[in-house]
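Residue strings, one per chain:
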Amino acid sequence: VVPARDEAGVIARSVESLLAQDYPGAFRIVLVDDQSTDGTADIARKLDGSERLEIVSGSPPPSGWTGKLWALKQGIARADGAEFVWLADADIVHAKDNLRHLVSRAASNDLVLVSQMAKLRCESFTERFLVPAFVFFFAMLYPFAWVNRRANSTAAAAGGCMLVRREALEKAGGIESVRQEIIDDCALARRLKTIGGIRLGLTERAVSLRRYGSIGDMGRMVARSAFAELRYSPLRLMVTLLGLAVVYVAPPLITLSPTGVVGLEAGLIAATAWMAMALAYQPMLGFYGRSAFWGLALPVIGAIYAGFTFKSAIGYWSGRGGIWKGRVQAWTRA
């Protein structure tokens with residue numbers, strides 16, 4: 001099930017990668033055109049293999065629903081009889097064995113959810129600067145090993161690639177159970193983990209086509225959900241910003257200050273903290289093929305993400321929370 005809203009630039013590559021799956025069993029693709037204005041559905045209709053592809057014209061989301069989740073609900077309604085439902089974003093290209101890999105993983109480990117975080121585009125300067133850190137910070141919030149441990153309550157998923165057992169989805173209350181959630185993938189994962197095992201991984205089998213040409217583009221993506229992650233709490237926001245300042249910003253400032261001002265011991269402790277964060281960042285830099293020296297820039301990157309988080313709160317308080325593709329999806333509470 002692929003929800004798509006104004007994805008004309010990427011929809012052909014995404015759907016073609018789904019049509020090319022070498023999965024040995026029966027599968028079909030439901031593309032829900034979420035009121036696109038750029039001809040997204042028309043492009044999809046012209047693709048080869050369209051006999052396996054069904055295109056649904058989505059209706060406007062009812063009050064209390066985010067647009068993507070309403071589109072997903074309409075698509076899932078067409079999946080009668082399916083044992084698994086694969087929820088796939090319209091801006092992701094998949095390796096031809098991805099569906100086979102997902103189903104094999106779910107079947108062999110008796111999982112109700114298998115989710116893969118797609119490899120984000122990392123080509124422009126902005127992307128090289130900020131994208132690896134986005135995944136790095138996500139993995140700090142939701143350590144993959146904790147998520148994958150059944151006895152641990154931590155649950156998370158990556159909405160761009162989620163294979164769900166249909167029976168478990170129904171037991172969890174269906175998509176409607178998370179219809180107002182901004183971070184819907186993690187909310188759904190929490191519900192599913194009460195029913196069975198889940199798995200979250202980082203993969204190169206799914207690659208995002210979404211471009212982030214400027215810091216503003218990246219900021220809008222982060223700001224859509226950052227304050228929601230803090231449960232719209234001013235106190236959590238204050239603690240988070242303070243924590244980012246202490247952990248990421250303070251060490252280089254102290255390290256680079258004159259020794260006579262901060263003292264040799266404080267300078268050494270701060271330098272050690274700076275090197276430690278740079279070392280912790282290395283596996284993610286390696287995954288994205290970036291130089292190890294980018295680790296030294298993590299304090300600056302952390303400060304930028306703090307700004308994105310504050311911007312997210314401002315957007316929410318001004319009545320434009322969770323805005324994405326022209327829709328305001330987080331409603332300020334009375």
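Each remark here, short or long, concerns the structure printed above.
Criteria and cut-off values
Residues numbered from 1 in each chain as written. Predicted model: local features only at pLDDT ≥ 70, side-chain atom pairs only at ≥ 80, totals over all residues. Heavy atoms only, no water. Helix = DSSP H or I, 4+ residues; strand = E, 2+ residues; numbered from the N terminus. Pairing = 2+ DSSP bridges. Axes fitted to C-alpha atoms, helices over the stretch in contact; angles between N-to-C directions. Parallel < 35°, antiparallel > 145°, perpendicular 65-115°, else oblique. Left-handed = near helix turned anticlockwise from the far one by under 90°. Contact = heavy atoms within 4.5 Å. Nonpolar A, V, L, I, M, F, W, Y, C, P; charged D, E, K, R; others polar. Expected span 1.5 Å × (residues − 1). Buried < 20%, exposed > 50% of the residue type's maximum accessible area, 1.4 Å probe, protein only. Arc of directions from axis to C-beta. Phe/Tyr/Trp six-rings, centres within 6.5 Å; stacked < 30°, edge-to-face > 60°. Salt bridge = Lys/Arg side-chain N within 4 Å of Asp/Glu carboxyl O.

1. Some details on unusual backbone geometry
- The backbone of D110 sits at a positive phi, close to 50°, despite the residue not being glycine.
- Relative to the assigned elements, D110 resides in the loop between α4 (98-109) and β6 (111-119).
- Of note in this structure, Y232 is not a glycine but carries a positive phi near 55°.
- For Y232, the location among the structural elements is in the loop between α10 (226-229) and α11 (234-255).

2. Considering the pairing of strand β8 (residues 197-208)
- The pairing of strand β5 (residues 92-94) with β8 spans 3 bridges and is classified as antiparallel. What sits directly across from H94, in β8, is A206.
- Pairing of β6 with β8, which is carried by 7 bridges, proceeds in the parallel orientation. Within β8, the residue paired with V114 across the bridge is R199.

3. A short note on the packing of α11 against helix α13 (residues 264-280)
- Between α11 and α13, the least distance of the axes is 8 Å, while the angle of their chain directions is 130°. Put simply, α11 runs oblique to α13. The hand of the α11/α13 crossing is left-handed. Here V247, Y248, P251, P252, I254 and T255 of α11 come into contact with α13, specifically with A266, G267, A270, A271, A273, W274 and M277.
- Its residues assigned to classes, the contact of α11 with α13 shows 11 nonpolar, 2 polar and no charged.

4. Description of α13
- Its 17 residues give α13 an end-to-end C-alpha distance of 24 Å, which sits within 8% of 24 Å, the value for a rise of 1.5 Å per residue.
- Within α13 the residues assigned to the buried category are G267, A270, W274, M277 and A278. Looking down the long axis of α13, one finds its buried residues gathered within 105° of arc, a one-sided arrangement. α13 presents L264, E265, L268, I269, T272 and L279 as exposed residues on the side facing more than 90 degrees away from its buried surface.
- On its buried face, α13 sits against α11, α12 (259-262), α14 (282-287) and α15 (298-317).

5. Describing the environment of V222
- Mapped onto the elements of the fold, V222 is located in helix α9 (residues 215-223).
- Owing to a relative accessible area of 8%, V222 belongs among the buried residues under this scheme.
- Spatially, the C-alpha atom of V222 lies 7.7 Å from that of S312, the residues being 90 residues apart in sequence.

6. Description of the packing of aromatic side chains
- One pass over the full model with this rule turns up 17 aromatic pairs.
- Ring centres of F125 and W294 lie 6.1 Å apart, and the angle between their planes is 50°; this geometry places the pair in the tilted category. Placement of F125 in helix α5 (residues 125-141) and of W294 in the loop between α14 and α15 is noted, with a sequence separation of 169 residues between them.
- Geometrically, the ring pair formed by Y305 and F308 is edge-to-face, given 5.4 Å between the ring centres and 75° between the ring planes. One end of the pair is Y305 and the other is F308, both in helix α15 and 3 residues apart, which spans about a single turn. Both residues of the pair, Y305 and F308, belong to the buried class.

7. Quick word on the sheet that holds strand β1 (residues 2-4)
- Spatial ordering of the open sheet is given by β1-β2-β3, a layout of 3 strands whose pairing is parallel. Taken across any chain shown, the strands that pair with only one partner, and hence form the sheet edges, are β1 and β3 (53-57). On average, adjacent strands in this sheet sit at an angle of 20° to one another, irrespective of strand direction.
- The sheet contacts of helix α1 (residues 11-19) involve β1, β2 (29-33) and β3, and relative to β2 the element is tilted by about 160°.
- Of the strands in this sheet, β1, β2 and β3 are in contact with helix α3 (residues 67-76), which crosses β2 at around 140°.

8. Considering the pattern of salt bridges
- Per the counting criterion, the structure on display carries 17 salt bridges.
- Between R100 and D22 there is a salt bridge, and its shortest N-O distance comes to 2.7 Å. Placement of R100 in helix α4 and of D22 in the loop between α1 and β2 is noted, with a sequence separation of 78 residues between them.
- Using a relative accessible area of 37% as the deciding quantity, one classes R100 as partly exposed.
- Using a relative accessible area of 32% as the deciding quantity, one classes D22 as partly exposed.
- Its salt-bridge partner being R166, residue D80 comes within 3.5 Å of it at the nearest N-O pair. Residue D80 is found in the loop between α3 and β4 (84-88), and its partner R166 is found in helix α7 (residues 166-171); the two are separated by 86 residues along the sequence.
- Through salt bridges with shared partners, one network takes in E7, D91 and R210.

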